[in-house]
Amino acid sequence: VVACSACAEILGELDKSVVFIHCREPKEIQKLVKELGAITLLIRRDAAERVEQVNHADNEVLNYEYDYTIPNNGSLSELRARAEIFLRECLELKF
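Residues numbered from 1 in each chain as written. Predicted model: local features only at pLDDT ≥ 70, side-chain atom pairs only at ≥ 80, totals over all residues. Heavy atoms only, no water.

Turning our eyes to something else, we now look at the pattern of salt bridges. Here the structure, examined in full by the defined rule, presents two salt bridges. Glu28 is the partner of Lys31 in a salt bridge, and the nearest nitrogen-oxygen pair spans 3.2 Å. With Lys31 and Glu28 both in helix H2 (residues 26-36), this residue pair falls three residues apart, about one helical turn. A relative accessible area of 32% means that Glu28 is categorised as partly exposed. Among the salt bridges present, the one from Arg88 reaches Glu84, with a minimum N-O distance of 3.9 Å. Separated by four residues within a single helix, Arg88 and Glu84 lie in helix H5 (residues 76-90), roughly one turn from each other. (Salt bridge = Lys/Arg side-chain N within 4 Å of Asp/Glu carboxyl O. Helix = DSSP H or I, 4+ residues; strand = E, 2+ residues; numbered from the N terminus. Buried < 20%, exposed > 50% of the residue type's maximum accessible area, 1.4 Å probe, protein only.)

Relative to the helices and strands, Leu32 is located in helix H2. Considering only alpha carbons, one finds Leu32 and Ile21, eleven residues apart in sequence, at a separation of 9.2 Å. Those residues in contact with Leu32 that lie beyond four places of it in its chain are Ile21, Cys23, Gly37 and Ala38. (Contact = heavy atoms within 4.5 Å.)

Set out below in structure tokens:
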């Protein structure tokens, strides 16, 4: 939360800024949604889900119902294109 406030001061008004927070634990994600009105996004790669995770946060990442999901099964340029579509259509950003 402190990082978000600091970013808001640097970037201007919070409602006109986008801050990405990497958080994988469902309880912590829910806190961000409740306290900040966060929109949740899961970047999903099928190959990564077939590998046994050693970090408990990685094991729990799929135990949350996200607002949006972007598949990441192709090239980096394909992911970039999907991310741009997300920013334009879901967040209504212009760049």
